[in-house]
Amino acid sequence: MRSLFQWKKELFNGLAMERLEKEWNVYPVLRMDFSISKFSQMSIFYELNNLQNISLRDEYSAICGITEKELRSELKTDIEIITQANEETYEEACAHLKLQYDGYHFSKRCEDIYNPFSLFNAFVGKNYENFWFSTGTPTFLIELLKQSQFDIRELDNTTATAEQFDAPTNVITDPIPVLYQSAYLTIKGYDPDFELYTLAYPNKEVRKGFIESLMPAYVHLPARENTFYVVSFIKDLHVGNIGSCLERMRSFFASIPNQNNKEEKHYQTIFYLLFRLMGQNVDVEVNTAIGRADAVVKMQNAILCFRI
């Protein structure tokens, strides 16, 4: 197509295109790259230096998503349909959509942005499933996190300068730029005094989907078994059956192969992933006046302290 637009008629000798095309006009060729990776500058005279990077500018921050205002005005009918399908109020449906698919920010003062892919799939299916991870498993990212020995717990709340996360990914040594540019992490805050951004999961859909993908890499159990344990834990906690929950937890950790004499941090990470997958607020290595707890799980009506 590019050769056609540039009037390279000799390349089409003997083909039907040679007979069909009469004028052979020359047209400018504009190449657009929709990859998630940021270009790196080669030199001060490199042509791409003339491009403006609008990635972190407020006026363009909502260009790739759907704002709250757009959702409630342009997609009101779709919200009403999903409201009826799930037998909830209009405001409950909006809150459900916000928790599941909202939360993206691409600049310092960016308003909340919804993921359009998941949002439209929710409207079509009339449910609140995790659609984003149906597009594929982030195997490359999981291997990168393991190889770099990145602390998984920091994905809930990590800080970085713009140069550290909005950086070219042609040479990857830090998983943060890849996680941000592939939308597993997004901006959640900005400290102007230190020029530091706070990065975290954008919403429930991404957090749950990514943790589900991480679990097999650390636990080495089939996904079906992980799901069984998680559902069982949640049921025990909801009814206050702590004894049964602890027994299941012992069984869960006992089933994990002790390969290469893994350190305590490895099992703390598994503990963290497990309870975050259950939707619980969990902290690890918490120091108290009477000692250190390996993990503290904060529930609505109880706080559980664990020693692994």
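Worth saying up front: this structure is predicted, and the values here are computed from it rather than measured.

**With respect to the sheet that holds strand E3 (residues 158-160)**
Strand-to-strand pairing in sheets goes through backbone hydrogen bonds, with the strands running parallel or antiparallel.
Here is step 1: In spatial order, the strands read E3-E5-E4; together these three strands make up an open sheet with antiparallel pairing. With one partner strand each, in any of the chains shown, E3 and strand E4 (186-191) form the two edges of the open sheet. Geometrically, the sheet is characterised by an average inter-axis angle of 35 degrees between neighbouring strands, direction not taken into account.
Here is step 2: One ladder, built from five bridges, connects E4 with strand E5 (residues 196-200); its direction is antiparallel. Residue pairing across strands places Tyr 190 opposite Tyr 197, the latter belonging to E5.

**What to know about the environment of Asn 281**
Here is step 1: As for its placement among the helices and strands, Asn 281 is situated in strand E6 (residues 281-288).
Here is step 2: Relative accessible area serves as the criterion here: at 39%, Asn 281 is assigned to the partly exposed category.
Here is step 3: Considered as a pair, Asn 281 and Met 299 are 18 residues apart in the sequence and their alpha carbons are 7.0 Å apart.
Here is step 4: Look past the residues within four positions of Asn 281 in its chain and what remains in contact with it is Arg 276, Val 296, Val 297 and Lys 298.

**Quick word on the confidence of the model for the chain**
Close inspection of predicted coordinates is inappropriate for parts of the model with low pLDDT.
Here is step 1: Across the chain, pLDDT averages 79, with 77% of residues at or above 70.
Here is step 2: Mean pLDDT in the chain bottoms out at helix H1 (residues 2-5), which sits at 48, and peaks at helix H4 (residues 76-85), which reaches 97.

**Focus on the packing of H4 against helix H5 (residues 90-101)**
Here is step 1: Viewed as axis vectors pointing N to C, H4 and H5 meet at an angle of 100 degrees, and their least axial separation amounts to 9 Å. Viewed along their axes, H4 and H5 adopt a mutual orientation that is roughly perpendicular. Across from Lys 76, Ile 79, Glu 80, Ile 82 and Thr 83 in H4, the residues of H5 making contact are Tyr 90, Ala 93, Cys 94 and Leu 97.

**A short note on the pairing of E6**
Here is step 1: Looking at chain direction, E6 and strand E7 (residues 291-298) are connected through seven bridges and run antiparallel. Bridge pairing links Val 284 to Ala 295 in E7.

**A short note on helix H10 (residues 204-219)**
Here is step 1: Between its first and last C-alpha, H10 extends 22 Å over 16 residues, near the 22 Å set by a 1.5 Å rise per residue.
Here is step 2: Taken together, the buried positions of H10 are occupied by Glu 205, Val 206, Gly 209, Phe 210, Ile 211, Ser 213, Leu 214, Met 215, Ala 217, Tyr 218 and Val 219.
Here is step 3: Put simply, Asn 203 is the residue that caps the front of H10, since its side-chain oxygen is 3.3 Å from the backbone nitrogen of Glu 205.
Here is step 4: His 220 lies just past H10 and shows a positive phi near 60 degrees.

**Side note on the nonpolar core**
Soluble globular proteins: nonpolar side chains tend toward being buried together.
Here is step 1: Counting 59 residues, the largest nonpolar core has Phe 165, Leu 179, Phe 210, Phe 252 and Phe 275 as its most contacted members.
Here is step 2: When neighbours within four sequence positions are excluded, Phe 275 is seen to be in contact with Leu 237, Met 249, Gln 280, Val 282, Val 297 and Phe 306.
Here is step 3: Grouped together as the second largest cluster of nonpolar side chains are 15 residues, Ile 66, Ile 82, Tyr 114 and Phe 123 included.

Conventions used here
- For every chain, the first residue of its written sequence is number 1, and the numbers climb from 1 along that sequence.
- With pLDDT at 70 or above as the cut-off, local features in this predicted model cover only qualifying residues; side-chain atom pairs require 80 or more to be listed or tallied, and sums for whole chains, interfaces and linings still use all residues.
- Side-chain calculation: all heavy atoms of the structure are included, whereas hydrogens and water are not.
- What makes two strands pair is DSSP finding at least two bridges between them.
- Numbering of helices and strands runs from the N terminus; a helix is a DSSP stretch of H or I covering at least four residues, while a strand is a stretch of E covering at least two.
- Axis lines are fitted to C-alpha atoms, over the contacting stretch for helices. Their N-to-C directions set the angle, which ranges from 0 to 180 degrees.
- Burial classes: relative accessible area under 20% of the type maximum marks a residue as buried, over 50% as exposed, and values in between as partly exposed (1.4 Å probe, protein chains only).
- In what follows, residue pairs with any heavy atoms lying within 4.5 Å of each other are defined as contacts.
- Within a predicted model, pLDDT stands for the predictor's per-residue confidence, ranging from 0 to 100.
- Orientation is classified from the angle alone, with under 35 degrees giving roughly parallel, over 145 giving roughly antiparallel, 65 to 115 giving roughly perpendicular, and any other angle giving oblique.
- Helix span is expected to be 1.5 Å times the residue number reduced by one.
- Here a polar contact is recorded for every N or O atom pair within 3.5 Å, except that within protein the pair must consist of a potential hydrogen donor and a potential acceptor, and residues adjacent in sequence are included only if both atoms are side-chain atoms.
- Throughout this description, the term nonpolar core refers to a set of buried Ala, Val, Leu, Ile, Met, Phe, Trp, Tyr and Cys residues connected via side-chain atoms within 4.5 Å.

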